[in-house]
There are 2 protein chains.
Amino acid sequence: MDTTKVAVDAMGGDNAPAAIVEGCVDAVKEREDIKVFLVGKPDKINAELTKYEFPKEQIEVVEATEEIEMAEPPVNAIKKKKDSSMVVGMKLVHDKKADAFVTAGNSGAVLVGGQTVVGRIRGIKRAPFAPLIPTKTGVSLLLDCGANVDARPDQLVQFARLGALYMEKVVGVENPRVGIVNIGAEEEKGNALVKETFPMLKECNDINFIGSVESRDIPEGVCDVIVCEAFVGNVILKLYEGLASTLISVIKDGLMSTAKSKIGALLAKPALKKTLKSFDASEYGGAPLLGLEGLVVKTHGSATNKEVKNSIIQCSLFKEQDITGKVRESIV
Amino acid sequence: MDTTKVAVDAMGGDNAPAAIVEGCVDAVKEREDIKVFLVGKPDKINAELTKYEFPKEQIEVVEATEEIEMAEPPVNAIKKKKDSSMVVGMKLVHDKKADAFVTAGNSGAVLVGGQTVVGRIRGIKRAPFAPLIPTKTGVSLLLDCGANVDARPDQLVQFARLGALYMEKVVGVENPRVGIVNIGAEEEKGNALVKETFPMLKECNDINFIGSVESRDIPEGVCDVIVCEAFVGNVILKLYEGLASTLISVIKDGLMSTAKSKIGALLAKPALKKTLKSFDASEYGGAPLLGLEGLVVKTHGSATNKEVKNSIIQCSLFKEQDITGKVRESIV
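Cut-off values and rules
Residues numbered from 1 in each chain as written. Chains lettered and ligands numbered in written order. Predicted model: local features only at pLDDT ≥ 70, side-chain atom pairs only at ≥ 80, totals over all residues. Heavy atoms only, no water. Salt bridge = Lys/Arg side-chain N within 4 Å of Asp/Glu carboxyl O. Helix = DSSP H or I, 4+ residues; strand = E, 2+ residues; numbered from the N terminus. Buried < 20%, exposed > 50% of the residue type's maximum accessible area, 1.4 Å probe, protein only. Contact = heavy atoms within 4.5 Å. Buried area = accessible area lost by both parts, 1.4 Å probe. Polar contact = N/O pair within 3.5 Å; in protein donor to acceptor, adjacent residues only side chain to side chain. Nonpolar A, V, L, I, M, F, W, Y, C, P; charged D, E, K, R; others polar. Pairing = 2+ DSSP bridges. Axes fitted to C-alpha atoms, helices over the stretch in contact; angles between N-to-C directions. Least-squares fit on C-alpha atoms with pLDDT ≥ 70 in both. Parallel < 35°, antiparallel > 145°, perpendicular 65-115°, else oblique. Phe/Tyr/Trp six-rings, centres within 6.5 Å; stacked < 30°, edge-to-face > 60°. Lys NZ or Arg CZ within 6 Å of the ring centre and 35° of its normal.

Engineer: Which residues make up the pattern of salt bridges, and what are the values?
Structural biologist: Across all of its chains, the model carries 36 salt bridges over all chains by this definition. In this structure, B:R161 engages B:D206 in a salt bridge whose closest nitrogen and oxygen atoms are separated by 2.7 Å. With a gap of 45 residues between them, B:R161 in helix α6 (residues 153–171) and B:D206 in the loop between α7 (192–202) and β8 (208–214) connect regions that are remote in the sequence. You can call B:R161 buried: its relative accessible area is 19%. The structure contains a network of salt bridges with shared partners spanning A:D2, A:D99 and A:K319.

Engineer: Any details on the interface of chain A and chain B? Residues and values, ideally.
Structural biologist: Taken together, the contact between chain A and chain B spans 49 residues of the former and 49 residues of the latter. Between chain A and chain B, a total of about 4700 Å² is buried, with carbon and sulfur atoms accounting for 77% of that surface. Three residues, A:I183, A:F231 and A:L239, lead the burial of chain A against chain B; their summed loss comes to 14% of the area buried on that side. Applying the counting criterion to the chain A and chain B interface returns 4 salt bridges. Put simply, B:E214 and A:K238 hold a salt bridge, and the shortest N to O gap is 3.0 Å. Our count for the chain A to chain B interface comes out at 16 residue pairs in polar contact (both at pLDDT 80 or more). At 20 residues, helix α8 (residues 230–255) of chain A tops the list of elements feeding residues into the side of chain A that touches chain B. Class assignment of the residues belonging to the side of chain A that touches chain B gives a composition of 26 nonpolar, 14 polar and 9 charged.

Engineer: Any details on the sheet that holds strand β4 (residues 100–103) of chain B? Residues and values, ideally.
Structural biologist: Residues and elements named next belong to chain B. Overall, mixed pairing links the 6 strands, which are arranged β3-β2-β1-β4-β11-β10 in an open sheet. At either end of the open sheet lies a strand with only one pairing partner, and these are β3 (59–63) and β10 (287–289). On average, each strand axis in the sheet is tilted by 25° relative to the strand beside it, whichever way the strands run. Summarising the sheet, strand β1 (residues 4–9) and strand β2 (residues 34–40) pair through 6 bridges and their orientation is parallel. The residue of β2 that forms the bridge with T4 is I34. Across the sheet, helix α4 (residues 85–94) touches β1, β2, β3, β4 and β11 (295–298), and the angle it forms with β4 is around 160°.

Engineer: Go over the relation of the copies chain A and chain B with me, naming the residues and quoting the values.
Structural biologist: Both copies of the chain are related by a screw-like operation: a rotation about an axis and a shift along it. Least-squares fitting of chain A to chain B yields an RMSD of 0.0 Å, with the transformation described by 0.0 Å of translation along the axis and a rotation of 180°. What the rotation and shift describe, once combined, is the action of a two-fold rotation axis. In terms of C-alpha distance to the rotation axis, chain A has A:G264 as its closest residue, with the C-alpha 1.8 Å off the axis. The fraction of interface residues of chain A whose copies in chain B are also interface residues reaches 100%, indicating that both copies meet through the same surface.

Engineer: Mind laying out the packing of helix α6 (residues 153–171) of chain A against helix α10 (residues 305–320) of chain A, listing which residues take part and the relevant values?
Structural biologist: Residues and elements named next belong to chain A. It is the contact of α6 with α10, at a shortest axis distance of 9 Å, that shows an interaxial angle of 105°. Comparing their axes, α10 and α6 come out roughly perpendicular. Packed against α6, whose contacting residues are Y166, K169 and V170, the element α10 presents Q314, L317 and F318 at the interface.

Engineer: Quick one: what's the story with the packing of aromatic side chains, residue by residue and with numbers?
Structural biologist: Overall, the coordinates contain 4 aromatic pairs over all chains when judged by the stated rule. With a centroid separation of 6.2 Å and an interplanar angle of 50°, the aromatic rings of B:Y166 and B:F318 are classed as tilted. Of this pair, B:Y166 sits in helix α6 while B:F318 is found in helix α10 (residues 305–320), placing the two residues 152 residues apart along the sequence. For the pair B:Y166 and B:F318, one class covers both residues: buried. Between A:K56 and the ring centre of A:F54, over which it is positioned, the NZ or CZ distance is 4.0 Å.

Printed below as a string of structure tokens:
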């Protein structure tokens, strides 16, 4: 049996360390081929661990005395806090002691640390951050949503190939459809970047490029891998989150506005909850930072034990499928 | 009494000519200071007009023998179909026979025709297309959503000032808050375009610039005028439409999924409908194309008589406030 070793940031996120530790326990109880390194302050971690029964040999506590705060400027944080749970955890991946690192901590620090501490695969120009977004029919991978904007066409082509590999091998979508975000369906449409990238994507025989995708069609699930430059990716990702939460709150207000509608809401609640849950990408685990010498996964800051568990299990598929090896062979 | 003269494209849109003509009749019945030129095929227009009673002197039929189809390539359509309802209507504005032109027709043709037939105010570098989008607290103006991508910083600054003027004088928002779309709140964040534009906007004393706005916060209504380059504007506008419609359909499916929830849905329907209606920008009229020698308003392709009426009435405010004159004086 090949064990997947996952370093987990015990101190990052709103629910740390309780929900993080619980998620790790859940993961090793479900999968005997996973070993977790819980990185952070040992007394805090152990206080949580004593609450559970689990196979002791599958969880090891690794000390890190510092913590990176959620609002801390990322570049400085990674540079200065060498003994933070994030840097120590990422160093385990860099040193090949762990296959992957999972954190609910400071997003900016994850992006900086991924590139500088874990390091990119040789030949990868930029490591894209690739969250899954919910659609009517499942999920799509949206990349790049990282911090480095103004990408070049050859970088977008790498994103497309990294994303297709991830969706096929880790998420399990056969022959994933790859689209480029554009403002019209025709090949001659778009800004300078899209116009230059489009013919390059068309020439890639190793991906299933379906052409332009308009943002209007993304929620319907028209393609599996959505390629764009990071400024546009961030705009899409954050508008997705913001608009969904505003609309749901507007609808809740509507349901609570009259006595009759309140009764209606009570009756409809279980069915509604179930449907809205299908529109929640966190079921699939966290968002990967791709193209690195190992996997880095960022879960939501508010990640629950379930999301942490799913993110850890997702790492074992990444390892089994040897995504890093495949990237080295085929993409670079 | 100063009459506002509005040319209306009788042939454009999914519900033409019936809903268009009805909207014109509604407008002149409500406002005696509006005169409408209904542009298109006289027999078709008159067949509709005979259905209504209205002050005859307020509606005049202007003949145009051609029509621009919804899917027709816009540049060619405007160039070749000189006797189309769109070109003839826009020409009335260019020749100062009308103050404004309202159409539910081919969007691309509206953008091309606005710039080439009506013409930009001298000094305006690009005429931005500026739809209103619904928010939790009202509406925000999003510009540019036009077809010309890769804008320059000085163009974005003009968009900001045109948008602020429109929101204040036509929509009636006092001291409208102007924000630039960005991927973080800090001034040093953003792509090259945003970084260059930000300090220029800060120096504009005639607008209430509040800094960066993240797409996540747009639906909450954090600012009144949202400035961005047209590629990003189109992505936001279309994702807004697509995600709202997908989410509402997902919620409907949820409400219809069990017998209990169906009863609940029936009870909640009137309240829910009312709330969702508040999240509908078409109540405010159509989307203006700004910076032209006269106003051009594009309504939805599926515009109802009510939206057409609101769009016509919106033109009279534009005229009353002499927006074109104010742009000439202050912006250029």
